[in-house]
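Structural characterization, general
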Amino acid sequence: MVELLSPAPVGWGGTLLLGLLHSLEIAVGATIVGLLIGTWGAYGKLYGGPVVRDLFAVYTTVVRAVPELVLILLLYYAGTDLINQVLTATGYQRVDISGLVAGIAVLGFVQGAYSTEVIRGAILAIPQGQIEAARAFGMSPGLLLRRITLPAMLPFAIPGLANLWLIATKDTALLAVVGFFELTLATRQAAGVTKAYLVFFLAAGVLYLCVTLVSNFLLGRAEKWARRGMPSIKEAR
């Protein structure tokens, strides 16, 4: 087992760690894209006009209704083909979209729908008196967002966004079906060559667990920081 998991060329440990690195790159990129879409979507659903609200309602409903694997296959293949068709029709050459960019875009699009609802719920949880007081002082929408809305919604949004981050780290495994080299595909390759399926899939499970434990620690600290100055649950009782 030690020889199989060794990072030296004889073992496959280095391959698994490289796959884990690619998984984390996809997860981080997709989470950032999802947060940007989610913030925009939450504001659109809360404060946008009827057309904007309906568009974001359709987006969040469709993405959350269709299985993620189906969305990944559809967006990965159909999306890249559509981009190249548009480029060809406008007189430009076809481009080869890297798997990293495509994976971030696809998972970010999926994450955006869930982030929209998490952030929307967090904004609704803010005491409306704070929003009304800021408007009474004449704050612009941008200043209101930066000074009041974002800091006040963080304690309510972080638990939900933390779950989405952990989901993103595991959803990267779905990209193995389109041939993107990440931890799951690296594990399948190592197990297929050596026939040591139990060893490598247990190792992959341990790596995913380590990512979850580290993430829980860091996100717990972030939530504690966001709730500074707020009464704890015990004090509220």
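As shown above, the structure is provided for reference.
Just so you know, these numbers come straight off a predicted model, no measurement behind them.

What follows concerns unusual backbone geometry. One non-glycine residue with positive phi stands out, namely Lys195, at about 65°. Mapping Lys195 onto the fold places it in the loop between α7 (183-194) and α8 (197-226).

A word on helix α2 (residues 50-65). Since there are 3.6 residues in each turn of an α-helix, residues three or four apart along the chain are aligned in direction. Spanning 16 residues, α2 covers 22 Å between terminal C-alpha atoms, matching the ideal 22 Å at 1.5 Å per step. What α2 keeps buried is the set Phe56, Tyr59, Thr60 and Val63. Taken down its axis, α2 places every buried residue within 90° of arc, on the same side. Exposed residues on α2 whose side chains face more than 90 degrees from its buried face are Pro50, Val51, Asp54, Val58 and Ala65. Buried residues along α2 sit against α1 (13-47), α3 (68-89) and α4 (99-124).

Another aspect to go through is the packing of α3 against α4. At a minimum axis distance of 10 Å, the contact between α3 and α4 shows a crossing angle of 135°. Our classification of the angle between α3 and α4 gives oblique. Every pair of crossing elements has a handedness; the one defined by α3 and α4 is right-handed. Here Glu68, Leu71, Ile72, Leu75 and Tyr76 of α3 come into contact with α4, specifically with Gly99, Ala102, Val106, Leu107, Phe109, Val110 and Tyr114. Grouping the constituent residues of the contact of α3 with α4 by class yields ten nonpolar, one polar and one charged.

Another aspect to go through is the packing of α1 against α7. Relative to each other, α1 and α7 sit at 160°, their axes nearing to 7 Å. It follows from the interaxial angle that α1 and α7 lie roughly antiparallel. In the packing of α1 onto α7, the handedness of the crossing is right-handed. Within the contact between the two elements, α1 uses Thr15, Leu16, Gly19, Leu20 and Ser23 and α7 uses Leu183, Ala186 and Thr187. Its residues assigned to classes, the contact of α1 with α7 comprises four nonpolar, four polar and no charged.

Right, let's get into a nonpolar patch on the surface. The grouping of Leu69, Leu73, Tyr77 and Val177 at the surface amounts to a nonpolar patch, some 330 Å² of accessible area in total. Position of Val177 among the secondary structure elements: in the loop between α6 (141-171) and α7.

Our next topic: the side chain of Asp171. Its place among the elements puts Asp171 in helix α6. Lys170 provides the closest opposite charge to the buried, unpaired Asp171, separated from it by 7.9 Å. Apart from residues no more than four positions distant in its own chain, Asp171 is found in contact with Glu68 and Leu107.

The full count for this structure, using the stated rule, is two salt bridges. One connected set of salt bridges, linked through shared partners, spans Lys45, Glu117 and Arg120.

Let us look at the environment of Leu107. For Leu107, the location among the structural elements is in helix α4. Residue Leu107 is classed as buried on the basis of its relative accessible area, which comes to 3%. A sequence separation of 103 residues divides Leu107 from Cys210, and the C-alpha atoms of the two residues are 22 Å apart. With sequence-adjacent residues up to four places away left out, Leu107 is seen in contact with Ile26, Ala30, Ile72, Asp171, Thr172 and Leu175.

Each value, and the rule that gives it
- Residues numbered from 1 in each chain as written.
- Predicted model: local features only at pLDDT ≥ 70, side-chain atom pairs only at ≥ 80, totals over all residues.
- Heavy atoms only, no water.
- Helix = DSSP H or I, 4+ residues; strand = E, 2+ residues; numbered from the N terminus.
- Expected span 1.5 Å × (residues − 1).
- Buried < 20%, exposed > 50% of the residue type's maximum accessible area, 1.4 Å probe, protein only.
- Arc of directions from axis to C-beta.
- Contact = heavy atoms within 4.5 Å.
- Axes fitted to C-alpha atoms, helices over the stretch in contact; angles between N-to-C directions.
- Parallel < 35°, antiparallel > 145°, perpendicular 65-115°, else oblique.
- Left-handed = near helix turned anticlockwise from the far one by under 90°.
- Nonpolar A, V, L, I, M, F, W, Y, C, P; charged D, E, K, R; others polar.
- Patch = residues over 30% accessible without salt bridge, like charges linked within 9 Å, V, L, I, M, F, W, Y side chains within 5 Å.
- Areas by Shrake-Rupley, 256 points an atom, 1.4 Å probe, with all protein chains shown as cover.
- Salt bridge = Lys/Arg side-chain N within 4 Å of Asp/Glu carboxyl O.
- Lys, Arg positive; Asp, Glu negative; His and termini not counted.

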